[in-house]
Amino acid sequence: MEAKCNLILDSCCDLPYQILDRPGVEVLRFPYIQEGVEYIDDMYFESTPKQFFAMMRDKKSGYPSTAQIPLPAIEGAFRRALESGVPTVYLGFSSGLSGTFETCRMLAENLSAEYPQGELHVVDTLLASVAEGLLVYEALNQREKGLTATEMVEWVKEARFFVNAQFMVDDLSALERGGRIPGNVAKAGAMLDVKPMLGFDLEGKLALTGVVRGRKKGIKQLISFYSKNHDTNHPVHQVITANADCPRDADKLCDGLKKDDESVFVLQSSVGPVIGSHVGPDMLAVVFWGHDRRNEISVADRIARKVKGI
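What you see is a predicted model, and the numbers here were worked out from it, not measured in a lab.

**Things to note about the pattern of salt bridges**
Part 1: Tallied over the entire structure, the rule returns 15 salt bridges.
Part 2: Notably, a salt bridge pairs D245 with R57, separated by 3.1 Å at the nearest N-O pair. Of this pair, D245 sits in the loop between β11 (237-243) and α10 (247-260) while R57 sits in helix α2 (residues 49-57), and the two are 188 residues apart along the sequence.
Part 3: For the salt bridge of R215 with D249, the shortest nitrogen-to-oxygen distance reads 2.8 Å. With a gap of 34 residues between them, R215 in helix α9 (residues 215-229) and D249 in helix α10 connect regions that are remote in the sequence.
Part 4: Via salt bridges that share partners, K50, R57, D245 and D282 belong to a single interconnected network.

And the structure:
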């Protein structure tokens with residue numbers, strides 16, 4: 001079936017570049033800076049996770065930093081989409097973690113006056129890394145099944161809340177440096193010598209979901225999280241795992257998931273340099289289709305969302 005819409009994605013979905021390399025799909029690349037030199041996240045096309053995380057492990061190299069996608073790169077992709085005449089949907093990295101989405105939204109709005117006949121939709125995935133990747137992976141499938149651009153927008157706005165994700169970081173120092181979590185939380189984690197377990201809230205921000213002592217228990221917790229929350233209504237259960245240069249632990253996680261559920265299909269990926277700059281080496285993640293996360297929020301948060309009109 002011929003696709004009825006094109007997609008613009010970004011490199012923070014942390015999927016292998018081979019999966020995204022197809023007609024009608026363009027990928028915006030986030031930059032990162034290492035030792036004063038700016039690089040583009042090429043999804044390990046010309047490098048390897050081991051090379052990148054070796055630099056992070058080497059304290060002499062200093063820690064990498066990240067930046068928003070350059071405006072000319074976004075504008076170029078948007079103009080190509082509008083000039084193509086094919087309705088296009090941009091699925092963006094969470095606005096809760098980067099200002100890039102808001103830049104994209106405003107640019108698309110400005111370009112709409114210049115291209116009144118064009119159709120370009122900008123959608124916030126409210127997700128990051130392979131959680132965003134799972135949504136993107138299925139969006140590619142739905143595109144091939146014939147969803148129109150308008151239908152794709154509605155599908156993403158609903159489907160993003162059924163992406164269940166949990167990841168374990170070795171420590172919180174990298175996230176603290178990037179301003180993604182408060183300093184007092186990072187210090188408490190270091191003092192207690194625990195492995196933090198993280199996920200995403202409904203606004204696309206990081207949320208602390210628990211702590212464990214030791215990586216072995218952390219892997220068991222990731223498997224348990226999948227076991228308790230995955231969608232049981234499908235004969236094949238799609239899971240994506242990601243690791244930040246800890247492939248042996250990733251294999252243990254994969255084996256544990258398959259032992260827990262024989263019907264599971266696991267796609268293994270690596271954490272990219274942009275996400276990796278914030279989570280540090282040895283992060284391990286599991287994402288899958290599961291229950292509606294909107295049903296988990298507390299009474300207080302439900303009231304707050306109602307007040308905000310969400």
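**Some thoughts on the pairing of strand β4 (residues 37-40)**
A regular strand places its side chains on the two faces of the sheet in alternate fashion.
Part 1: Of the pairings in the sheet, the one linking strand β3 (residues 31-34) to β4 comprises 4 bridges and is antiparallel in character. Along β4, the bridge assignment pairs P31 with I40.

**Some details on the nonpolar core**
In globular proteins that are soluble, nonpolar side chains generally tend to be buried together.
Part 1: L20, F78 and F200 are the most contacted members of the largest nonpolar core, which has 73 residues in total.
Part 2: If we skip the residues at most four places from it in the chain, F200 touches L97, L126, L127, A128, A131, A165, F167, K205, L206, A207 and R293.

**Quick look at unusual backbone geometry**
Part 1: In the Ramachandran plot, D14 falls in the positive-phi region, its phi being about 55° despite a non-glycine side chain.
Part 2: Position of D14 among the secondary structure elements: in the loop between β1 (6-10) and α1 (17-20).
Part 3: Even without glycine at this site, D245 takes up a positive phi of about 60°.
Part 4: Classification of D245 by relative accessible area gives buried; the value is 13%.

What counts, and where the lines are drawn
Every chain begins its residue count from 1, and numbering advances along the sequence as written. Local features in a predicted model are, by the rule used here, given only for residues with pLDDT of at least 70; side-chain atom pairs are given and counted only at 80 or more, and totals for whole chains, interfaces and linings are based on all residues. The basis for every side-chain value is the complete set of non-hydrogen atoms in the structure, without hydrogens or water. We count a salt bridge whenever a side-chain nitrogen from Lys or Arg sits within 4 Å of a carboxyl oxygen from Asp or Glu. Labels follow the DSSP assignment, with helices taken as runs of H or I lasting at least four residues and strands as runs of E lasting at least two, numbered in each case from the N terminus. Strands pair, by our definition, only if DSSP identifies at least two bridges between them. By nonpolar core we mean a set of buried residues, namely Ala, Val, Leu, Ile, Met, Phe, Trp, Tyr and Cys, connected to one another through side-chain atoms within 4.5 Å. When accessible area is computed with a 1.4 Å probe and restricted to protein chains, residues below 20% of their type maximum are described as buried, those above 50% as exposed, and intermediate ones as partly exposed. In what follows, residue pairs with any heavy atoms lying within 4.5 Å of each other are defined as contacts.

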